[in-house]
Each structure stands twice: as structure tokens, then as C-alpha cells.
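Take a look at the letters that make up each chain.
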Amino acid sequence: MENPLFARVAAASILRDGTIRLPFGSARTSPVAAADVAEVIAHLLLDPAPPSRRVYELTGSHSRGMAAIAAEASTSLGRTVTYVDVPYEEWLEDDLKKQDLPPHVFDHLATMARLHRENRYDRSTSDITDLLGRPPRGFDSGCRSSTSRCRE
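**Student:** Explain the overall build of the protein to me, please; I cannot follow it from the model alone.
**Tutor:** Looking only at helices and strands, the protein has eight helices and four strands in total. Ordered by position from the N terminus, the helices and strands of the protein form the series α-β-β-α-β-α-β-α-α-α-α-α. Across the protein, contacts joining residues at least 24 apart in sequence account for 78% of those joining residues at least 6 apart. If the 19 positive side-chain charges of the protein are averaged to one point and the 21 negative ones to another, these points end up 2 Å apart.

This is the structure in C-alpha cells:
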């Protein structure tokens, strides 16, 4: 959830005009909170059992389209946020370039956006719930501790 596509690029358009401008089309995604990833790592490192050598796929609670994510943002922020599907090349020029990113970061985010559009992130697992005994955090988790910042 905290990756720059959501926390920087989408946040900029939310602040500007109440939209999430991304070139994801109708693809689905399941962003995971960094705090959940950190908690899973700590859990596994502190577990006295021998490592299982299992690969864990850490995802948000469910995979959904950007319109659903915009609805979640609306609820968290207490104002309407809508998803605007922007053509990929237009998004690169009008949104991503304005972020003034180093070239390698720009290329990485451009690739992630393209992979999202190709629906490569449409997955969800129960790994966080299975390991931690609770569901993954949602987009509202960052707003709970800092409501005024989220409502700006």
C-alpha cells in the first residue's frame, strides 16, 4: 500500500482533484501494508520452530479493482474519491514525469503500472491471517493514526 504508485502518485491526484489517476484499466490488485510485512517477518524470525522453507505470498485481504479501492479511500477520507483509468502513455507523461523521480525509480514504477494493467497482481492469499491470526490491514489503517493528515 505504501509503494509510490499508491502513496505518491495516486495520493497526488487525490489531493489535487479527488481522483486516483492510474493506468490499471479493469485489472485487480491486492496491496499489502508494509506494517503487515514487517510483522510477518518479525513473527517468522522470532518463531522457535525450525524454518519451514515455505514461500509466503503476502497480499492484502482480497483482490479488487481500482474503483473498489477508490471507494475504500472515500470511506477512509470522508470524501468522494473516484478512479480514473488513464491511458498508459498519457499517464507516464502527465502524472509520473511530474513526480521528478530518478530514472531507475521512474522505470520501475512505469513497469509496475504496466504489470498492473496486464492484471499480473490479481491474487490474494490468507498467509497474513494464517501467520498473525488477524486479517491484513486495509487502506484506512494509515488514516486511523493520522486522521488530519489523511483528510487534507
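Back to the text.
**Student:** Any chance you could explain helix α3 (residues 66-77) here in plain terms?
**Tutor:** Because each turn of an α-helix spans 3.6 residues, side chains separated by three or four positions end up pointing in the same direction. Its twelve residues give α3 an end-to-end C-alpha distance of 16 Å, which sits within 8% of 16 Å, the value for a rise of 1.5 Å per residue. Looking only at α3, the buried set comprises M66, I69, A70, A73, S74, S76 and L77. Around the axis of α3, the buried residues are gathered within 165 degrees of arc, so they sit on the same side. Exposed and oriented more than 90 degrees from the buried face of α3 are A67 and T75. Looking one or two residues beyond α3, the residue adopting positive phi is G78, at roughly 75 degrees.

**Student:** Could you clarify how one ought to interpret the nonpolar core in this entry?
**Tutor:** Burial of nonpolar side chains together is a common tendency in soluble globular proteins. Within the largest apolar cluster, 28 residues are counted, with the highest numbers of intra-cluster contacts made by L5, I20, L22, F24, M66, W91 and L96. Put simply, the parts of the chain that give this core at least two residues each are α1 (4-17), β1 (19-22), α3, α4 (88-96) and α5 (103-117). Sequence-distant contacts of L5, that is, excluding residues within four places in its chain, are made with A10, L22, F24, W91, L109, M112, A113 and H116.

**Student:** I tried to follow unusual backbone geometry on my own but got confused; where do I start?
**Tutor:** Glycine aside, residues mostly have negative phi, and peptide bonds are mostly found in the trans state. Within the chain, R53 stands out as a residue other than glycine whose phi angle is a positive 65 degrees. Secondary-structure assignment places R53 in the loop between α2 (34-46) and β3 (64-65). If you check the backbone angles, N119 has positive phi at about 65 degrees while not being a glycine. Checked against the element boundaries, N119 lands in the loop between α5 and α6 (127-132). With relative accessibility at 32%, the residue N119 sits in the partly exposed group.

**Student:** So what exactly am I meant to see when it comes to the pattern of salt bridges here?
**Tutor:** Any two side chains of opposite charge can pair, so long as their charged atoms come close to each other. All told, the structure shown has 16 salt bridges when counted by the stated rule. Here D17 ties to R16 by a salt bridge, and the two come within 4.0 Å at their closest N and O atoms. The class of R16 is exposed, set by a relative accessible area of 53%. Within this structure, R16, D17, R21, E90 and D95 form a network of salt bridges that share partners.

Rules of the game
Residues numbered from 1 in each chain as written. Predicted model: local features only at pLDDT ≥ 70, side-chain atom pairs only at ≥ 80, totals over all residues. Heavy atoms only, no water. Helix = DSSP H or I, 4+ residues; strand = E, 2+ residues; numbered from the N terminus. Contact = heavy atoms within 4.5 Å. Lys, Arg positive; Asp, Glu negative; His and termini not counted. Charge placed at Lys NZ, Arg CZ, Asp CG, Glu CD. Expected span 1.5 Å × (residues − 1). Buried < 20%, exposed > 50% of the residue type's maximum accessible area, 1.4 Å probe, protein only. Arc of directions from axis to C-beta. Core = buried A, V, L, I, M, F, W, Y, C linked by side-chain atoms within 4.5 Å. Salt bridge = Lys/Arg side-chain N within 4 Å of Asp/Glu carboxyl O.

Without other data, these values stay purely geometric and don't point to any function.
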